[in-house]
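# Examination of the molecular architecture
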Amino acid sequence: MRLHQGATGARSVSARPLIGVDLGGTKVEAAVIEPDGTVLWRARESTPPGDYEGTIATVAGLVRRARAQAPKAHGVGLGHPGSSSPVNGLHRNANSTCLNGKPLLADLERALGMPVRGANDANCLALSEAIDGAGKGGRTVVGVILGTGCGGGVVGDRRGVDGANGIAGEWGHMPLPGASPAELAMRCWCGRQGCLDLFLSGPGVESDHVRHGGERAIRLPRIAWLAQSGDACATATLERWTERLGRALGAVCNILDPDAIVLGGGASLVPGLAERLPQAIAPHCFSERSVTPVRVAAHGDSSGVRGAAWLFATFPA
């Protein structure tokens, strides 16, 4: 795995406690984890919305508290939206747009005075679940985040796959397979058109519900509850969502043929979604049958911080 990291910190083997930070759009979580996966300490703070300097300060404050629990930690693993450019080290492609164009990892190293290794938050989810979660035992594991955005990460043989351009697993920003002209014309926050993020993220499903005559200003959990109560419009919204997810994940299966797909993010918790997806994927999988399991992340919304901590661990081949 080619890790994005700041100026300091060569890869090393550590039996010391590990510090991980999950930098999300609404929360920052830090944790101290033993090499065997035991969580020793964990804390969360709200992410300052649209405030880059405030975000750096929030992460630094949490890491100072974590270091009190793990004073011998080699460094900090950071899960973040988007990625660092391999060309200039500046952050890009984050839906937390205040991070874009900034030297995020270098600024954090200066603020913390210790090495920082970063990876996309979906990569951290996939790594966490491949090591000791819902994808444990699989050689190739795909992690899919369905939350305020739509992202993905890939792990092979318990190592995250970053890619030559640092964008491996950026599944949310390819066009929706089989999209109509109207769907392809929709513009994403990233500047592209027809992105999966527009249709598969929580806000995307909510917007789709309104476009098809549903009640405005209701969140996905409410739509799911209405569907369970027999509401026809809500039921149709979830059916469109599941069918689109099947098309999109079918394309992933045709490229990577993973041993497991693991779902994370708040939208992944809609009842029955993981159970319905294998059937939705099957028609789009170039095989006489599809056996790829789809599972909800075993570590829930803490998978990101666990995967971030694992960035400072090495594993036998």
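Being a predicted model, the structure only gives us computed values, none of them experimental.

## Examining the overall build of the protein chain
A tally of regular secondary structure across the protein chain gives ten helices and 13 strands. Its C-alpha atoms give the protein chain a radius of gyration of 19 Å, within 12% of the compact-globule value 20 Å for 317 residues. Structurally, the protein chain occupies a C-alpha span of about 55 × 40 × 40 Å along its principal axes. In the protein chain, buried positions account for 53% of the 317 residues. Of the contacts formed within the protein chain by residues at least 6 apart in sequence, a portion of 63% connects residues at least 24 apart. A total of about 13700 Å² of accessible surface is found on the protein chain, and carbon and sulfur atoms cover 54% of it.

## Remarks on the pairing of strand β9 (residues 140-146)
Of all seven residues that make up β9, six are buried, and the element is covered over most of its length. Here β9 hands over to strand β10 (residues 150-156) after three residues, the two strands then running antiparallel side by side.

## Brief notes about the packing of helix α1 (residues 52-69) against helix α2 (residues 104-112)
Close contact between α1 and α2 brings their axes to 10 Å; oriented N to C, the two are set at 50 degrees. If you check the angle between α1 and α2, you find them oblique. When you trace α1 past α2, the crossing you get is right-handed. The residues of α2 that touch α1, namely those facing Tyr52, Ile56, Val59, Ala60, Val63 and Arg67, are Leu104, Asp107, Leu108, Ala111 and Leu112. For the contact of α1 with α2, the per-class residue count stands at nine nonpolar, no polar and two charged.

## Let's talk about the environment of Leu273
Tracing the backbone through its elements, the reader meets Leu273 in helix α9 (residues 273-281). Overall, the relative accessible area of 0% leaves Leu273 in the buried class. In the structure, Leu273 is positioned 48 residues away from Trp225 in sequence and 13 Å away in space, judged by C-alpha atoms. Ignoring any residue separated from it by four or fewer positions in sequence, one finds Leu273 in contact with Leu146, Trp241, Thr242, Leu245, Leu263, Ala267 and Ser268.

## A short note on the sheet that holds β10
Here we have five strands laid out as an open sheet, ordered β11-β10-β9-β12-β13, and mixed in their pairing. Of all the strands in the sheet, the pair left with one neighbour each is β11 (159-160) and β13 (294-296). Packed on one face of the sheet, helix α3 (residues 121-132) meets β9, β10, β11 and β12 (260-264) and runs near 45 degrees to β10.

## A few points about the packing of aromatic side chains
According to the stated counting rule, one finds zero aromatic pairs in the structure shown. Sitting over the face of the ring of Tyr52, Lys102 holds its NZ or CZ atom 5.3 Å from the ring centroid. Note that Arg117 overlies the ring of Phe312, its terminal NZ or CZ placed 4.0 Å from the centroid.

## A word on helix α7 (residues 220-228)
Given 3.6 residues per turn, any residue in an α-helix points the same way as the ones three and four places further on. Within the sequence span of α7, burial applies to Leu220, Ile223, Ala224, Leu226 and Ala227. Taken end-on, α7 shows its buried residues confined to a sector of 160 degrees, consistent with a single buried face. Away from its buried face, by an angle of more than 90 degrees, α7 presents the exposed residues Pro221 and Gln228. Packed against the buried residues of α7 are α6 (202-211) and α8 (232-256). Positive backbone phi, at 100 degrees, marks Gly230, one or two positions downstream of α7.

## A short note on the nonpolar core
Ranked by size, the top nonpolar core spans 39 residues in total, and within it Leu146, Trp171, Leu200, Trp241 and Ile261 carry the most contacts. Sorting the residues of this core by element identifies β9, α5 (197-200), α7, α8, β12 and α9 as the ones contributing at least two each. It is α8 that provides the largest number of residues to this core, a total of eight residues. Ignoring anything within four residues of it in the chain, the contact list for Trp171 reads Val144, Leu146, Cys150, Gly151, Gly152, Leu196, Leu200, Leu245, Ala248, Leu249 and Val252. Among the nonpolar cores identified, the runner-up in size contains 28 residues, and Leu23, Tyr52, Leu78 and Ala94 belong to it.

Reading the values: rules and limits
- Residues numbered from 1 in each chain as written.
- Predicted model: local features only at pLDDT ≥ 70, side-chain atom pairs only at ≥ 80, totals over all residues.
- Heavy atoms only, no water.
- Helix = DSSP H or I, 4+ residues; strand = E, 2+ residues; numbered from the N terminus.
- Rg over C-alpha atoms; globule rule 2.2 N^0.38 Å.
- Buried < 20%, exposed > 50% of the residue type's maximum accessible area, 1.4 Å probe, protein only.
- Contact = heavy atoms within 4.5 Å.
- Areas by Shrake-Rupley, 256 points an atom, 1.4 Å probe, with all protein chains shown as cover.
- Pairing = 2+ DSSP bridges.
- Axes fitted to C-alpha atoms, helices over the stretch in contact; angles between N-to-C directions.
- Parallel < 35°, antiparallel > 145°, perpendicular 65-115°, else oblique.
- Left-handed = near helix turned anticlockwise from the far one by under 90°.
- Nonpolar A, V, L, I, M, F, W, Y, C, P; charged D, E, K, R; others polar.
- Phe/Tyr/Trp six-rings, centres within 6.5 Å; stacked < 30°, edge-to-face > 60°.
- Lys NZ or Arg CZ within 6 Å of the ring centre and 35° of its normal.
- Arc of directions from axis to C-beta.
- Core = buried A, V, L, I, M, F, W, Y, C linked by side-chain atoms within 4.5 Å.

The analysis is restricted to geometry; functional conclusions fall outside its scope.
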